[in-house]
Amino acid sequence: MMTDSLQSKAADSTLEMPLFGFGTWRLKGKECTELVAAAIDVGYRHIDTAELYGNQPEVARGIGSFPREQLYITSKVPYQSLEPQAIVATCEKALRELNTDYLDLFLVHWPSDTMCLRSVLETLANLIAQNKVRQIGVSNFSTPLLRKTIEKSPVPISNIQIECHLHLPQERLRAECKKHGISVTAYAPLGRANIFETPEIKEIASRHSCTPAQLALAWLLFHGVAVIPKTASAPRLIENYKAQDVALSEEDVARLDGIGIQQRFVKADWLDNALCFDEFAL
């Protein structure tokens, strides 16, 4: 089983973010608790949640007594709460609900066209200084906004979480992250299952005796992109995790890289899309 991970960029931390994580968006109640527990049993050590998901207590119950130091936990502050006091309150609420003394990664979930970026970043840096957060990052930031964030942040930006899959490869943004040593996490890495009939995906998956979902995840892992597939199916937890066993050749990857489709499934109609998506920011 592949065990590659992304090295933390926090100056005083040796934590690593596992490339393979479990996303909990839309999971609620007992189902959420049971699936988090099942994911940990399978081998997942990276658990992704957020204030907006409304499931942090259930995630904590799923984690149970599993050793905290063996897990990498991500949460996020919503765009409606990007004032210093609200950021701190969101972080402290996450710590209480997740029953932990610290978050491994705390992200700005979406940008806001009214936020003071410098103030947001200074507040996040203070949370690191207070040992409440070990790494900070952003989510759904366009490449131009990410550049501004890097320039203004008093501490390293460790990670960006974006929609990324075989129909939305995000080459420009990934290249910018590589230049600055920022890890990338792909949400919706399976393209909401809308990408599985693509001829190249079907053919290469068949040749590797894997599912199209496993192939899609293996392609991202090949490129060093962390994945947090969400599922409400315990058997699918195992299927997804086994994507780490799919060994793609350079030729396979070149063909998949060349699919050439740009198809976004997550929209942000309530925000200025130029802040979030490169196709609006060019």
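The following refers to the structure shown.

Criteria and thresholds
- Residues numbered from 1 in each chain as written.
- Predicted model: local features only at pLDDT ≥ 70, side-chain atom pairs only at ≥ 80, totals over all residues.
- Heavy atoms only, no water.
- 1 Å grid on protein atoms, 1.4 Å probe; cavity = no way out; pocket = protein on both sides within 12 Å on 5 of 7 lines; lining within 4 Å.
- Points joined across faces, edges and corners; volume = space filled by probe spheres on them.
- Nonpolar A, V, L, I, M, F, W, Y, C, P; charged D, E, K, R; others polar.
- Pairing = 2+ DSSP bridges.
- Helix = DSSP H or I, 4+ residues; strand = E, 2+ residues; numbered from the N terminus.
- Polar contact = N/O pair within 3.5 Å; in protein donor to acceptor, adjacent residues only side chain to side chain.
- Contact = heavy atoms within 4.5 Å.
- Buried < 20%, exposed > 50% of the residue type's maximum accessible area, 1.4 Å probe, protein only.
- Right-handed = clockwise from strand over helix to strand, strands pointing away.
- Salt bridge = Lys/Arg side-chain N within 4 Å of Asp/Glu carboxyl O.
- Phe/Tyr/Trp six-rings, centres within 6.5 Å; stacked < 30°, edge-to-face > 60°.
- Lys NZ or Arg CZ within 6 Å of the ring centre and 35° of its normal.

## Comments concerning empty space enclosed by the protein
What the rule picks out here adds up to two cavities of 30 Å³ or more. Of the voids in this model, the largest cavity is the one considered here, and its volume is about 50 Å³. Every residue along the wall of the largest cavity is listed here: Asn 140, Phe 141, Ser 142, Ile 162, Glu 163, Gln 170, Leu 173, Tyr 187, Arg 264, Cys 276, Phe 277 and Asp 278. Looking at the lining of the largest cavity residue by residue, the classes come out as six nonpolar, three polar and three charged.

## Comments concerning the sheet that holds strand 6 (residues 105-108)
Taken together, eight strands build an open sheet; the order of strands is 3-4-5-6-7-8-9-10 and the sheet is parallel. If you trace the sheet from one side to the other, it starts and ends with strand 3 (21-23) and strand 10 (226-227), each paired once. Across three bridges, strand 3 lies against strand 4 (residues 46-48) in parallel orientation. The residue of strand 4 that forms the bridge with Phe 22 is Ile 47.

## A few points about the side chain of Asp 252
Among the secondary structure elements, Asp 252 is positioned in helix 10 (residues 250-257). Looking at Asp 252, its side chain comes within polar contact range of the side chain of His 208, at 2.7 Å. Among all residues touching Asp 252, those that are not within four sequence positions of it are Ile 204, Arg 207 and His 208.

## Side note on the layout of surface pockets
Here the largest pocket defines a volume of roughly 730 Å³. Of all elements in the fold, only helix 8 (212-222) and helix 9 (234-241) reach the threshold of two or more residues within the lining of the largest pocket. Among the elements that make up the lining of the largest pocket, the one with the highest residue count is helix 9 (three residues). Split into classes, the residues belonging to the lining of the largest pocket amount to 16 nonpolar, ten polar and seven charged.

## Some remarks on the pairing of strand 9 (residues 183-187)
One face of the sheet, then the other: side chains in a regular strand alternate in exactly this way. The buried count for strand 9 comes to five of five residues, which makes it a mostly enclosed element. Burial along strand 9 is two-sided: the residues Ser 183, Thr 185 and Tyr 187 and Val 184 and Ala 186 are all buried. Strand direction decides the pairing type here: strand 8 (residues 159-163) and strand 9, joined by five bridges, are parallel. Among the inter-strand pairings, Asn 159 is bridged to a residue of strand 9, identified as Ser 183. Of the crossover connections in this fold, the one passing from strand 8 over helix 6 (residues 171-180) to the parallel strand 9 is right-handed. Bridge analysis of strand 9 against strand 10 gives two bridges, and the strand direction is parallel. In the sheet register, Thr 185 faces strand 10, and the bridge partner there is Ala 226.

## Comments concerning the pattern of salt bridges
On inspection of all chains with the given rule, the structure shows 17 salt bridges. The partner of Lys 76 in a salt bridge is Asp 48, with the nearest N and O atoms 2.7 Å apart. With a gap of 28 residues between them, Lys 76 in strand 5 (residues 72-77) and Asp 48 in strand 4 connect regions that are remote in the sequence. A salt bridge links Lys 132 to Glu 92, with the nearest nitrogen and oxygen atoms 2.8 Å apart. Remark: Glu 92 occurs in helix 3 (residues 84-97) and Lys 132 occurs in the loop between helix 4 (117-129) and strand 7 (136-139); sequence separation between them is 40 residues. Using a relative accessible area of 30% as the deciding quantity, one classes Glu 92 as partly exposed. Where salt bridges share partners, they join Glu 203, Arg 207, Asp 252 and Arg 255 into one cluster.

## Section: unusual backbone geometry
One non-glycine residue, Ala 193, adopts positive backbone phi at about 65°. Here the phi dihedral of Ser 209 falls at roughly 55°; this positive angle occurs in a residue that is not glycine. If you trace the backbone, Ser 209 turns up in the loop between helix 7 (199-207) and helix 8.

## As for the packing of aromatic side chains
According to the stated counting rule, one finds eight aromatic pairs in the structure shown. Here Trp 110 and Phe 277 contribute two aromatic rings whose centre-to-centre distance is 6.1 Å and whose plane-to-plane angle is 85°, an arrangement assigned as edge-to-face. Pair noted here: Trp 110 is in the loop between strand 6 and helix 4 and Phe 277 is in the loop between helix 11 (273-276) and helix 12 (278-281), with a separation of 167 residues, a long-range link. Overall, Trp 110 belongs to the buried group, its relative accessible area being 8%. Linked through ring pairs, Tyr 79, Trp 110, Trp 270, Phe 277 and Phe 280 together constitute an aromatic cluster. Seen from the ring of Tyr 102, Arg 68 lies directly overhead, with NZ or CZ sitting 4.0 Å from the centre.

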